[in-house]
Amino acid sequence: MSARFTAQRISTVTVLGAGTMGHGIAHVAALAGHDVRLYDISQEAADGGRSKIAASLDKGVSLGKVEAGVRDAALARITATGDLAAACTGADLVVEAVPEKIELKRELFAAVDRAAPPDALYATNTSSLPVAKIAGAVADPSRLIGMHFFNPVHLMKLLEVVRHGASDDSAVAAAVALGERWGKTAIVVKDSPGFASSRLGLALGLEAIRMVEEGVASAADIDTAMKLGYGHPMGPLELTDLVGLDVRLGIADYLSDAIGPAFEPPELLRRKVADGKLGKKSGEGFYTWVDGKRA
Ligand code: NAD
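What counts, and at which threshold
Residues numbered from 1 in each chain as written. Predicted model: local features only at pLDDT ≥ 70, side-chain atom pairs only at ≥ 80, totals over all residues. Heavy atoms only, no water. Pairing = 2+ DSSP bridges. Helix = DSSP H or I, 4+ residues; strand = E, 2+ residues; numbered from the N terminus. Axes fitted to C-alpha atoms, helices over the stretch in contact; angles between N-to-C directions. Phe/Tyr/Trp six-rings, centres within 6.5 Å; stacked < 30°, edge-to-face > 60°. Lys NZ or Arg CZ within 6 Å of the ring centre and 35° of its normal. Salt bridge = Lys/Arg side-chain N within 4 Å of Asp/Glu carboxyl O. Buried < 20%, exposed > 50% of the residue type's maximum accessible area, 1.4 Å probe, protein only. Near = heavy atom within 4 Å. Polar contact = N/O pair within 3.5 Å; in protein donor to acceptor, adjacent residues only side chain to side chain. Areas by Shrake-Rupley, 256 points an atom, 1.4 Å probe, with all protein chains shown as cover. Nonpolar A, V, L, I, M, F, W, Y, C, P; charged D, E, K, R; others polar. Parallel < 35°, antiparallel > 145°, perpendicular 65-115°, else oblique. Left-handed = near helix turned anticlockwise from the far one by under 90°. Contact = heavy atoms within 4.5 Å. Patch = residues over 30% accessible without salt bridge, like charges linked within 9 Å, V, L, I, M, F, W, Y side chains within 5 Å. Core = buried A, V, L, I, M, F, W, Y, C linked by side-chain atoms within 4.5 Å. Expected span 1.5 Å × (residues − 1).

Trainee: When you look at the sheet that holds strand β5 (residues 121-124) in this model, what are you seeing that I'm missing?
Mentor: Two pairing modes exist for strands in a sheet, parallel and antiparallel, and in both the strands are linked by backbone hydrogen bonds. One open sheet accounts for 8 strands, arranged β3-β2-β1-β4-β5-β6-β7-β8; its pairing is mixed. With one partner strand each, in any of the chains shown, β3 (78-81) and β8 (185-190) form the two edges of the open sheet. The mean angle between the axes of side-by-side strands here comes to 25 degrees, regardless of whether they run parallel or antiparallel. Pairing geometry for strand β6 (residues 144-148) and strand β7 (residues 158-163), over 3 bridges, is antiparallel.

Trainee: Help me understand the packing of aromatic side chains, please; the structure alone is not making it clear to me.
Mentor: Each aromatic ring pair is characterised by the separation of its centres together with the angle its planes make. Following the criterion strictly, the structure yields 2 aromatic pairs and no others. Taken together, a centroid distance of 5.6 Å and an interplanar angle of 40 degrees make the contact between Phe-109 and Tyr-122 tilted. With Phe-109 in helix α5 (residues 102-115) and Tyr-122 in strand β5, this residue pair connects regions lying 13 residues apart in the sequence. Between the NZ or CZ atom of Arg-294 and the centre of the ring of Tyr-287, over which it lies, the distance is 3.7 Å.

Trainee: Got a minute to help me understand the pattern of salt bridges in this structure?
Mentor: When the charged atoms of two side chains lie near each other, side chains of opposite charge can form a pair. This structure, assessed with the given rule, holds 15 salt bridges. The salt bridge involving Glu-238 is made with Arg-294; its shortest N-O contact spans 3.3 Å. With Glu-238 in helix α10 (residues 236-243) and Arg-294 in strand β10 (residues 293-294), this residue pair connects regions lying 56 residues apart in the sequence. With relative accessibility at 15%, the residue Glu-238 sits in the buried group. Relative accessible area serves as the criterion here: at 36%, Arg-294 is assigned to the partly exposed category.

Trainee: Quick question: what am I supposed to make of the site of the ligand here?
Mentor: Around the ligand sit 20 residues, and of these Met-21, Asp-40, Glu-100, Lys-105 and Ser-127 come closest. Here Ser-127 contributes a side-chain N or O atom positioned 2.6 Å from an oxygen atom of the ligand. Within the complex, the protein chains bury 80% of what would otherwise be the 830 Å² of accessible surface of the ligand. Elements with a contribution of two residues or more to the shell around the ligand: α1 (20-31) and α5. In terms of residue class, the shell around the ligand is built from 9 nonpolar, 8 polar and 3 charged.

Trainee: In this structure, what is going on with the packing of helix α8 (residues 197-213) against α10? I would like to understand it.
Mentor: Describing two packed helices takes the angle between their axes plus the distance from one axis to the other. Direction vectors running N to C along α8 and α10 enclose 110 degrees, while the axes themselves pass 9 Å from each other. Here α8 lies roughly perpendicular to α10, going by the angle between them. Our pair here, α8 against α10, has a crossing hand that is left-handed. Residues Leu-204, Gly-205, Ala-208, Ile-209 and Val-212 of α8 lie in contact with α10, whose contacting residues are Pro-236, Leu-237 and Thr-240. Residues of the contact of α8 with α10, tallied by class, amount to 6 nonpolar, 2 polar and no charged.

Trainee: Help me understand the environment of Glu-67, please; the structure alone is not making it clear to me.
Mentor: Note that Glu-67 resides in the loop between α2 (43-62) and α3 (68-76). With relative accessibility at 59%, the residue Glu-67 sits in the exposed group.

Trainee: Can you walk me through a nonpolar patch on the surface in this structure?
Mentor: Together, Leu-239, Leu-242, Val-243 and Val-247 line one region of the surface with nonpolar side chains, adding up to about 250 Å² of accessible area. In terms of residue count, α10 provides more of the nonpolar patch than any other element does, 3 residues in total.

Trainee: For this particular structure, what's the right way to read the nonpolar core?
Mentor: Most often, soluble globular proteins have nonpolar side chains that are buried together. Among the nonpolar cores identified, the biggest contains 40 residues, and Leu-93, Met-147 and Trp-182 are the most heavily contacted of them. Among the nonpolar cores identified, the runner-up in size contains 24 residues, and Ala-87, Tyr-122, Ile-134 and Phe-195 belong to it.

Trainee: Is there a simple way to explain α1 in this structure?
Mentor: Every α-helical turn comprises 3.6 residues, leaving residues that sit three or four positions apart pointing alike. If you check α1, its first and last C-alpha atoms are 17 Å apart, about what 12 residues at 1.5 Å a residue would give, namely 16 Å. Of all the 12 residues making up α1, 10 are buried; the element is thus mostly covered by neighbouring parts of the structure. All of the buried residues in α1 are Met-21, Gly-22, His-23, Gly-24, Ile-25, Ala-26, His-27, Val-28, Ala-29 and Ala-30. Looking at the buried side of α1, the elements it contacts are β1 (12-16), β2 (35-39), α2, α3, β3 and β4 (93-96). Just downstream of α1 lies Gly-33, where phi reads positive at about 100 degrees.

Trainee: Can you help me understand unusual backbone geometry in this one?
Mentor: With glycine set apart, most residues show a phi of negative sign, and most peptide bonds adopt trans. Residue Pro-152 is bonded to the preceding Asn-151 through a cis peptide linkage, with omega at -5 degrees. Mapped onto the secondary structure, Pro-152 falls in the loop between β6 and β7. The phi angle at Phe-195 is positive, at roughly 50 degrees, despite the residue not being glycine. Within the secondary structure, Phe-195 is located in the loop between β8 and α8. Relative accessible area serves as the criterion here: at 6%, Phe-195 is assigned to the buried category. Backbone geometry at Asp-291 places phi at a positive 50 degrees, although glycine is not the residue there. Along the polypeptide, Asp-291 turns up in the loop between β9 (289-290) and β10. Relative accessible area serves as the criterion here: at 74%, Asp-291 is assigned to the exposed category.

Below is the structure:
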């Protein structure tokens, strides 16, 4: 019997959400040769995502990493739209990258299910939410799996594929093969809170914040300890600034409920978020950021 889902049959890729992750996924898919529909809540928001891809590809060209012709061909394959039904028509894969809110993701997939072809594969880029619960929003949950990419998507090599209890084996295998076609190394993990990457990454980040709180060392020195002492390319506090303190707080709140008190968010994290210190995107977190660079 032939597999229900295969990577070879995935030609048109629809990406839902044109923010940090969505535009990155669309970028990588277009470079891999797919026709891409990039959807967001308005045409303007979708166009904004496409412009970010253009800027990133321009940078690649100026650094000599992308040929101008490759950039032009990739951009020509991306259609930005604020129309969900148009975005889903003819899709072979629908990847969701909207904010980390379970009801939002469920409502969106329920709408996708009314518009996408019956044989399209569905994937969520959630960093921590239960994939089975998101899959429960569509008529056939076996076709929805987790495809967790990392930021920035065009540079980060990991793809975490999340299998839940009802996943079709061929959906998991297709996601792994597609990720490898896109230049990623895929790992398959169980649908457990925080999967492998977010759970472990957050544990380190929260402990680093508690150490700043206790005055063990400065943020910069803690980051240096992990970079020079353990070979991490980036320290846990700088990474927290890049991911967004609000994003990390949301995941910590969820994991502390789901796994236990080891993930209880430190007071310092709550205070910074309440003060609007969200990291790179707001200009201040554990470091100060000016024009997207550490001051
Ligand atoms: P983001 O806020 O940068 O982008 C979200 C986008 O979704 C925005 O453009 C927003 O306009 C759009 N959106 C909101 N509601 C929508 C709707 N109903 N329909 C379509 N689009 C809608 O968020 P992000 O950082 O890209 O995160 C997206 C997902 O990826 C989350 O589940 C997050 O946990 C996950 N994730 C984030 C990172 C990261 O480092 N930022 C890494 C891995 C996974």
